[in-house]
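# Topology and contacts: notes
For reference, the chains in residue letters:
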Amino acid sequence: MLEGSTIHSDGWKAYDGLILNGYDLYRVFHSENEFARRKCHVNGIENVQTLFAWSFAKFNGCDSDKFVIHLMECEWRYNHRNKDLYKKEKMKKLKAFSTILIFAFGFFVVGCESTKNYGYKGKHPDYLVLVNKMHPISVDYAKSLDLVTVDTVYDDETAEIEKATYEAYLSLQSALEKQGIEIGIDSAYRSVEYQEQIMLDFTEKYGEEYARNTVAVPGTSEHHTGLAIDIVPKVNGEWKWENEDMMQLPELFSRIHKELPNHGFILRLLKGKEKITGYSYEPWHIRYVGSVEVAQEITDSGLVLEEYLEEFK
Ligand SMILES: [Zn+2]
């Protein structure tokens, strides 16, 4: 690294000495629940780092002489992460890019397969958008959202939710009602600022570790899409909105989950897939994927959205 460079880092002890070596050091201390300190903000670079580590792990590493070319591919993919790289019409561009790389460097570049095209045109949001710890929401995404304001299970609170998602939810709600199951909405769309507040509240209430495992880092919550809903069941006339209470209702939730794909929803955070989704199992967190057919296909496959998109890319 060039002498006199400006470095943004987290609070890891090993970085303490950098300042003595003539670098300008700006730090964020995650252990003190900091995500940004004035101009210093390292979440972006940490997302990139995780993404790159994943890419390399997939190929069990690579030869050192090919490292740079792989790194460039990762960088290109990251910079284009909000575009659908795998749609057929985009394939030509990607293949052209791969060809340039192959000719320029004479190295092997991982090819890309074509995919099923489930994208939506026009003003609809991309109902298969992937938002997780490694795929933060794009700044532009919210612009494509048509949000409606709806009632929640709390008397004094409303929620916002994507329009088609809400219509699908009403259909789910009424189908469940016919089976004697009543559900309501705890939470749906959340802005990035609101997610920051939730993180602080959970850290205060349950401690930092629990908050980190349960609450998404602002920008990486699926609730930013407007397509995710946390539902709450009513049992014996009472809304069971505490997470601990809902975990005690596996049979009721299993009946609810069976009905989800019939209305275009999937259960998003499955048991046993915690390492892939990055979150613990949440029976209440459902996600609209745009159509009954796609929801059915994902549910039948037993895959989580990350795996499904990977498989059909
Ligand atoms: Zn949720």
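Residues numbered from 1 in each chain as written. Predicted model: local features only at pLDDT ≥ 70, side-chain atom pairs only at ≥ 80, totals over all residues.

### Examining the overall build of the protein chain
Across its full length, the protein chain carries eleven helices and eleven strands. Expressed as a percentage of its 313 residues, the buried residues of the protein chain come to 23%. By sequence separation, contacts in the protein chain at least 24 residues apart represent 60% of the contacts at least 6 residues apart. (Helix = DSSP H or I, 4+ residues; strand = E, 2+ residues; numbered from the N terminus. Buried ≥ 20, exposed ≤ 12 C-beta atoms within 10 Å, placed from the backbone. Contact = placed C-beta atoms within 7 Å.)

### A look at the pairing of strand S6 (residues 158-162)
Note: strand S5 (residues 147-151) against S6, five bridges, orientation antiparallel. Counterpart to Thr149 in the pairing with S6 is Glu160. (Pairing = 2+ DSSP bridges.)

### A few points about the confidence of the model for the protein chain
Residue-level pLDDT values for the protein chain average 80, and 70% of them are 70 or greater. The low-confidence segment residues 97-122 (pLDDT under 50) makes 32 contacts with residues lying over four places distant or belonging to another chain. (pLDDT = per-residue confidence, 0-100.)

### Remarks on the environment of Thr225
Note that Thr225 resides in the loop between helix H6 (208-214) and strand S8 (228-235). The buried category is assigned to Thr225, around which 24 C-beta atoms lie within 10 Å. Excluding residues within four positions of it along the chain, Thr225 makes contact with Val129, Val131 and Ile137.

### Some points on the nonpolar core
Grouped together as the largest cluster of nonpolar side chains are 40 residues, with contacts concentrated most on Ala188, Ile229, Ile231, Leu260, Phe265, Ile266 and Val289. Sorting the residues of this core by element identifies S6, helix H4 (163-178), strand S7 (182-187), S8, strand S10 (265-267), strand S11 (285-288), helix H10 (292-301) and helix H11 (305-311) as the ones contributing at least two each. Per-element accounting of this core gives the leading share, six residues, to H4. For Ile229, the residues in contact, after removing those within four places along its chain, are Ile161, Tyr169, Ile185, Ala188 and Ile286. (Core = buried A, V, L, I, M, F, W, Y, C linked by C-beta atoms within 7 Å.)

### Examining unusual backbone geometry
Most peptide bonds take the trans form, and the phi angle of most residues other than glycine is negative. One non-glycine residue, Asn236, lies in the positive phi region at around 50°. Looking at where Asn236 falls in the secondary structure, it is placed in the loop between S8 and strand S9 (238-239).

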